[in-house]
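# A closer look at the structure
Each chain is listed here by its residues.
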Amino acid sequence: MGDTKRRIAVDAMGGDHGPSVVVPGAVAGARQHHADLTLVGIPSKIEAALKGVDRGDVDIAIVEATEFIGMDEHPAQAVRRKRRNSINLAIQEVSEGRAAGMVSAGNSGAVMAAALMLVGRIPGIERPAIATYVPTAKARSLILDLGAVTDPKPSNMVQFAQMGQVYAERVLGLSHPTVGLLSNGEEPTKGNQLVQQVYPMLEAAEDINFAGNVEGKDVAMGAVDIVVTDGFTGNVLLKTAEGVITMLTDTLRKEFTATLPRKLAALFLRPAFRSMRANLDYSVIGGAPLLGVNGVVIISHGRSNELAMANAIGVAVRSHDHDLAGGIRDRVAIARSTAATPQESPTPASAGLPQAS
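This section reports on the structure supplied with the text. (Residues numbered from 1 in each chain as written. Predicted model: local features only at pLDDT ≥ 70, side-chain atom pairs only at ≥ 80, totals over all residues. Heavy atoms only, no water.)

## Considerations on empty space enclosed by the protein
This structure, assessed with the given rule, holds 1 cavity of 30 Å³ or more. A volume near 70 Å³ is recorded for the largest cavity. Lining the largest cavity we find 13 residues, and of these Leu290, Leu291, Gly295, Val296 and Leu324 sit closest to its centre. Every element with two or more residues in the lining of the largest cavity is listed here: strand E10 (288-291), strand E11 (296-299) and helix H12 (324-337). Looking at the lining of the largest cavity residue by residue, the classes come out as 10 nonpolar, 3 polar and no charged. (1 Å grid on protein atoms, 1.4 Å probe; cavity = no way out; pocket = protein on both sides within 12 Å on 5 of 7 lines; lining within 4 Å. Points joined across faces, edges and corners; volume = space filled by probe spheres on them. Helix = DSSP H or I, 4+ residues; strand = E, 2+ residues; numbered from the N terminus. Nonpolar A, V, L, I, M, F, W, Y, C, P; charged D, E, K, R; others polar.)

Set out below in structure tokens:
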């Protein structure tokens, strides 16, 4: 094998398209980011997907998985019942030190459950969070949580902000990123009970650059670098944004091809449309890190195409190179030692396993 320090394990069976898209996309990403690959899945299907693919100097290993988890299966139950599934084995490559990180476009709940059981949480982290950035009027904003914890405690949300800042600083290269709390109004008194409890905690945390409450319109305008919310609301926000982007691009395409004069006008505007599409394309983002687990675990969209998978490899490599888990470990240790966040009763090690995909 090549250098295990930059070897990424990939769940080749994950996503809507499986090996036919995951494998060539992962190889392209490994070539671009100078990484090696361990492809986990059914060997015959992986080898078929590798035919005709330019491997470059990428060292590729194949680990056989005899089972895989469907998108509609109960995550925690499937992970425990199907021990030799492709998600488990890919994460096991990380937990046993043979890979620097893993990527999966499969059942996100199963990825989270397997990560919690096999690599565990970073000491001091109560619950993990899924984070990704979305296009905004200014640039992009990081949003978390996106579904790992649908009913978090207030202290969980504070840790989401801390982990988001580490990711934004180390992997995205933002200096002193601002944090906003998603609410239905800018005033500190707005929001549900959870938001009203979290607001003063974020305001009092000296290690968090808290900018106050933000509304949905503020997220779209890029008012803050990081948006903190519960997993249920965050997932709805992300899916809504994806739907709006699809609607806008489809509507523009329809309107600009409706008549000949519009088609001619569209020829001149094509560079602008391409630029806009690139800025709004989820494939450019690639994957969302599962923050708070003791290793690099990247969750990609189930509909990921080859470009998305290639970029997900990039997210995994950068997260490893910038020691994302170590940065979160240090930030949480400092926060705990200075009592920057009020501590609640410890969460049992078994808590946090997802109940649905």
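## Quick notes on the nonpolar core
Judged by nonpolar contacts, the single largest core of 101 residues is most densely connected at Ile8, Val10, Leu37 and Ile328. For this core, the element with the highest residue contribution is helix H6 (residues 154-170), accounting for 8 residues. If we skip the residues at most four places from it in the chain, Ile8 touches Ala35, Asp36, Leu37, Thr38, Ala100, Gly101, Met102, Val103, Ile313, Ala316 and Val317. (Core = buried A, V, L, I, M, F, W, Y, C linked by side-chain atoms within 4.5 Å. Buried < 20%, exposed > 50% of the residue type's maximum accessible area, 1.4 Å probe, protein only. Contact = heavy atoms within 4.5 Å.)

## Some thoughts on the pairing of strand E1 (residues 7-11)
Note on strand geometry: in a regular strand, side chains alternate between the two faces of the sheet. Counting buried residues in E1 gives 5 out of 5 residues, a clear majority hidden from the surface. Residues Arg7, Ala9 and Asp11 point to one face of E1 and Ile8 and Val10 to the other, with burial holding for every one of them. Bridge count for E1 against strand E2 (residues 36-41) is 5 bridges, and the pairing is parallel. What sits directly across from Ala9, in E2, is Thr38. Taken together, E1, helix H1 (residues 19-32) and E2 constitute a β-α-β crossover, and its handedness is right-handed. Relative to strand E4 (residues 101-104), E1 runs parallel, the two being bridged by 3 bridges. Bridge pairing links Ala9 to Met102 in E4. (Pairing = 2+ DSSP bridges. Right-handed = clockwise from strand over helix to strand, strands pointing away.)

## Re the side chain of Asn85
Tracing the sequence through the fold places Asn85 in the loop between helix H3 (75-81) and helix H4 (86-95). You can call Asn85 buried: its relative accessible area is 0%. Among the polar contacts made by the side chain of Asn85, one reaches the main-chain amide nitrogen of Ile87 at a distance of 2.9 Å. Among residues more than four places away in sequence, those in contact with Asn85 are Ala65, Glu67, Phe68, Ile69, Ala78 and Val79. (Polar contact = N/O pair within 3.5 Å; in protein donor to acceptor, adjacent residues only side chain to side chain.)

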